[in-house]
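Structural features, examined
Take a look at the letters that make up each chain.
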Amino acid sequence: MCLDNLFAVIVAAGRSLRMGQGINKQLLPLGGIPVLARSLQVFERAVPVKGYVLVAGRDDVERFNNMARQQWFCRKLLSVVAGGGSRQESVFNGLLALPRETAVVLVHDGARPLVYTGLVERVAEAAARWGAAIAAVPVKDTVKQAGPDEFAARTLPRDSLWLAQTPQAFHYALLVEAHQRAREEKITATDDASLVEAMGRPVKLVPGSYRNIKITTPEDLAVAEALLRCSPENGSVQIKSGSPVSGDGSLTH
Ligand SMILES: Nc1ccn([C@@H]2O[C@H](COP(=O)(O)OP(=O)(O)OP(=O)(O)O)[C@@H](O)[C@H]2O)c(=O)n1
Ligand SMILES: C[C@](O)(CO)[C@H](O)COP(=O)(O)O
């Protein structure tokens, strides 16, 4: 599938509970620019992206729309819609607001402001080719699965573990179907790729960047500030030796 009709959904309708009481992390300054503004600017600069829908908290729709258009000069912004009680619901609301001609859709967390155009484009290209693709990075720590009372029940084989990031990209019809089936079958997930996997469809892993962190707790903002002051724009991970790598450089899993 070609990338002629590539659109995006940027989700920013969460409650920022892990950041602290009464804070909207999307508007916290990062290097003097709001977190969300940084994320949106990357999609403004990503040439293949024709436009995007922003999903905001129900009480923030008008405010985010005004800021995006008047302060952040978001020319590709198609509309701002209200989110839902979960990230999954917010994504679905965004999908329904996209143009009918959408062929491939990118879904990105507004809380990941250090994303960069190269990663957006690579994930979109992989999704156009394979149907579904996500940015991901290899796990660096050893991961334990907890049993009851927080005793380590199992150590997971680190070589096969990746941390999913966003953007995540899909053939539009596939992602809409995955969300619709999840609603019917009461499947909930913390990322969109899980819903596609639940349909038995493969999801390509595209090497992301350890810089592409999600601003979740206060420490993340401090890390992001430090990252802004150092390391290159696109710190893509080096593909691990021995990982199955397909011709386009993305990884199978
Ligand atoms: N109902 C929701 C929940 C999350 N998100 C968005 O999904 C991204 C990832 O979610 P997360 O980092 O968990 O954000 P919050 O839900 O705001 O964080 P918390 O769980 O700490 O409240 C964020 O950009 C967030 O705004 C959303 O649009 N709608
Ligand atoms: C989609 C995601 O960013 C992939 O790592 C993550 O699952 C979002 O989780 P959150 O709890 O909604 O932040």
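What you see is a predicted model; the values in this text were computed from it and never measured.

Scoring rules and cut-offs
- The residue numbers shown here count from 1 along each chain, following its written sequence.
- Working convention: letters from A go to chains and numbers from 1 go to ligands, in the order in which they are written.
- Given that the model is predicted, a residue must reach a pLDDT of at least 70 before its local features are reported, and side-chain atom pairs must reach 80 or more before they are shown or counted; all residues, however, enter totals for whole chains, interfaces and linings.
- Side-chain metrics in this entry use all non-hydrogen atoms of the structure; hydrogen atoms and water are not considered.
- UniProt positions are given in the numbering used here, feature names are shortened, and annotations may be inferred rather than shown by experiment.
- Using only the protein atoms, space was sampled on a 1 Å grid; points where a 1.4 Å probe fits but cannot get out form cavities, open sets with protein on both sides within 12 Å along at least five of seven lines form pockets, and lining residues are those with an atom within 4 Å of a point.
- In this text, helices come from DSSP runs of H or I with a minimum length of four residues, and strands from runs of E with a minimum of two, each type numbered from the N-terminal end.
- Buried residues are those whose accessible area, probed at 1.4 Å on protein chains only, stays under 20% of the maximum for their type, while exposed residues exceed 50% and partly exposed ones sit between those limits.
- In what follows, a contact means two residues having at least one pair of non-hydrogen atoms within 4.5 Å.
- Counting of polar contacts relies on pairs of N or O atoms within 3.5 Å, with two restrictions inside protein: one atom must be capable of donating a hydrogen and the other of accepting it, and residues adjacent in sequence are counted only when both atoms are side-chain atoms.
- The term salt bridge refers to a side-chain nitrogen of Lys or Arg lying within 4 Å of a carboxyl oxygen of Asp or Glu.

**Let's talk about the UniProt feature "site: Positions MEP for the nucleophilic attack" (unreviewed entry) in the chain**
Cross-referencing UniProt, the feature "site: Positions MEP for the nucleophilic attack" (unreviewed entry) maps to Arg158 and Lys214 in the present numbering. Restricting the annotated residues to those that line the largest pocket leaves Lys214. Note on placement: Arg158 falls in the loop between β9 (152-155) and β10 (162-171). Secondary-structure assignment places Lys214 in the loop between β11 (204-207) and α7 (218-229). Exposure remark for Lys214: the relative accessible area of 26% places this residue in the partly exposed category. The contact partners of Lys214, leaving out residues within four places of it in the chain, are Arg18, Asp109, Ala111, Arg112 and Asp220. Here Thr216 takes part through its side chain, which lies 2.8 Å from a polar atom of the side chain of Lys214.

**What about the pattern of salt bridges?**
For the coordinates displayed, the defined rule picks out 6 salt bridges. With a shortest N-O distance of 3.7 Å, Glu177 and Arg181 are connected by a salt bridge. You can see Glu177 and its partner Arg181 sitting in helix α5 (residues 172-185), 4 residues apart, about one turn around the helix. By relative accessible area, Glu177 is classed as partly exposed at 34%.

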